Amino acid sequence: MCLHIISKFYATFVGSKLNKMSYQVDEKGYYGRFGGAYIPEILHGCVEDLKRNYLRIINSEAFVTEFRRLLNDYAGRPSPLYHARRLSDRYGCKIYLKREDLNHTGAHKINNTVGQILIAREMGKRRIIAETGAGQHGVATATVCALMNMPCVVYMGKTDVERQQPNVKKMQMLGAEVIPVTSGNMTLKDATNEAIRDWCCHPSDTFYIIGSTVGPHPYPDMVARLQSVISEEIKQQLSEHEGRAYPDYLMACVGGGSNAAGTIYHFLDDERVKIILAEAGGEGILSGRSAATIHLGKEGIIHGARTLVMQNDDGQIEEPYSISAGLDYPGIGPIHAFLAESKRAEVLAVNDDEALKAVFELTRLEGIIPALESAHILGALPKISFKQADIVVVTLSGRGDKDMDTYQKKYCNNEKEHPAC
Ligand SMILES: *Cc1c(COP(=O)(O)O)cnc(C)c1O
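All of these numbers come straight from a predicted model, not from anything done at the bench.

1. Topic: the site of the ligand
Phase 1 of the analysis: Near the ligand lie 17 residues; those nearest to it are Lys109, Ser212, Gly255, Ser258 and Ser397.
Phase 2 of the analysis: Here Lys109 contributes a side-chain N or O atom positioned 2.7 Å from an oxygen atom of the ligand.
Phase 3 of the analysis: Within the contact set of the ligand, an oxygen atom lies 3.2 Å away from a backbone nitrogen or oxygen of Gly256.
Phase 4 of the analysis: Burial of the ligand by the protein chains amounts to 96% of its free accessible area of 380 Å².

2. Concerning helix α8 (residues 165-173)
Phase 1 of the analysis: Turning to α8, its buried residues are Asn167, Val168 and Met171. The buried residues of α8 occupy an angular sector of 105 degrees when projected down its axis, which confines them to one face. Of the exposed residues in α8, those oriented more than 90 degrees away from the buried face are Pro166, Lys169 and Met173.
Phase 2 of the analysis: Gly175 occupies a position one or two residues after α8 and carries a positive phi of about 105 degrees.

3. Digging into the packing of aromatic side chains
Phase 1 of the analysis: Summed over the entire model, instances satisfying the criterion amount to seven aromatic pairs.
Phase 2 of the analysis: Considering the side-chain rings of Tyr23 and Phe338, the 6.1 Å spacing of their centres and the 45 degrees angle between planes classify their relative orientation as tilted. Here Tyr23, found in the loop between α1 (2-18) and β1 (30-31), pairs with Phe338, found in helix α14 (residues 334-341); they are 315 residues apart in sequence, far enough to count as distant. Accessibility classification places Tyr23 together with Phe338 in one group, the buried group.
Phase 3 of the analysis: Look at Trp199 and Tyr219: their rings are 6.1 Å apart centre to centre, the planes differ by 75 degrees, and that puts the pair in the edge-to-face class. Pair noted here: Trp199 is in helix α9 (residues 188-201) and Tyr219 is in helix α10 (residues 219-227), with a separation of 20 residues, a long-range link. Judged on exposure class, the residue Trp199 and its partner Tyr219 are both buried.

4. So, the side chain of Gln237
Phase 1 of the analysis: Along the chain, Gln237 turns up in helix α11 (residues 229-242).
Phase 2 of the analysis: Classification of Gln237 by relative accessible area gives buried; the value is 10%.
Phase 3 of the analysis: Not counting chain neighbours up to four residues away, the residues in contact with Gln237 comprise Pro78, Ser79, Pro80, Leu81 and Lys98.

Analysis parameters
- Residues numbered from 1 in each chain as written.
- Predicted model: local features only at pLDDT ≥ 70, side-chain atom pairs only at ≥ 80, totals over all residues.
- Heavy atoms only, no water.
- Near = heavy atom within 4 Å.
- Polar contact = N/O pair within 3.5 Å; in protein donor to acceptor, adjacent residues only side chain to side chain.
- Areas by Shrake-Rupley, 256 points an atom, 1.4 Å probe, with all protein chains shown as cover.
- Buried < 20%, exposed > 50% of the residue type's maximum accessible area, 1.4 Å probe, protein only.
- Helix = DSSP H or I, 4+ residues; strand = E, 2+ residues; numbered from the N terminus.
- Arc of directions from axis to C-beta.
- Phe/Tyr/Trp six-rings, centres within 6.5 Å; stacked < 30°, edge-to-face > 60°.
- Contact = heavy atoms within 4.5 Å.

Honestly, it's all geometry; don't read function into it.
What follows is the structure in structure tokens.
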């Protein structure tokens, strides 16, 4: 297993020298001109330390064994690849859902936090911090901190603390300290700033578990590698189901980009596979209320990386809006900025109403209530003209339990007749 992974790494690495174009990170931490590590001097030491050690740790036999054990027996992997027959009929192709919604804590985020806490432990760190928006990454981090008996501090914008109470309660029950952040708009961007500030004050003993493929190098690459178990499984499962190890389409939603990066990781250099990503259009990309960073962003630096950023002409960050709290980040993982620019991925903006429609469609066609974030990629399905023979893998990043309040309200506005209202 270990040798297998190491040889895979070298194949990617060597491949990057031979291929005309590689979509993986380069030795300096860039995807094209996106990425890098733009950090204050005081963090230089610990980011360097992580950079020097993360590949060695991730590829070590001890890590691989423990990571696999926890992913399988604790998080519930491998997640099923489910042939959704009724959804397939609706869109005239063969759709498989990659069921990340069935993981412990309800989304793909646990893959990343299990991996990062093992890295933190190996590096001798004793205290964990994290940022969270909707609270999903906070819960996934608090969960692994309970498991590993490590103290956990989660920064969360005060606005989010108020509107995401069930997740706040979960984090507290798991033993985390949730610190409400009152700067700026009191949402995810501000929570991230505060987490970085904390890290600057405790660089030697604290590990910052970042929740997506964002932040300074090596975070985007590290998170992508930890989430790449998703595409590794897709390969294996497609061979079993279809007798061929690649789909025609891979589809995923992007907030910061971690479930998408995990979904496409092992297919990036396989041009037979089309990549479709969905970002949150909010009320429409021209409405002034949107979170479609790839459509609307301009190049800039946010939270340690050069990427596309929603900003005004003065470089002030513009507050993103989406019905989905997990997608309203004003930046985007540098890998996705690069995939969009190089046209390796097609990025669609899916609006609130399109995502909501997709929620109810999946619920009634397949008996699966998806998370609002995941519904954005489902909402992209009607925008693509598939052929009957196309094999399409859609990553269902999470389940809809946390969104029931929103669904109840929307459902009852639209369908007053329905008995659920
Ligand atoms: C957090 C979250 C996302 C967005 O994060 P990515 O890093 O872009 O994957 C998507 N879906 C669910 C269910 C989430 O909880």
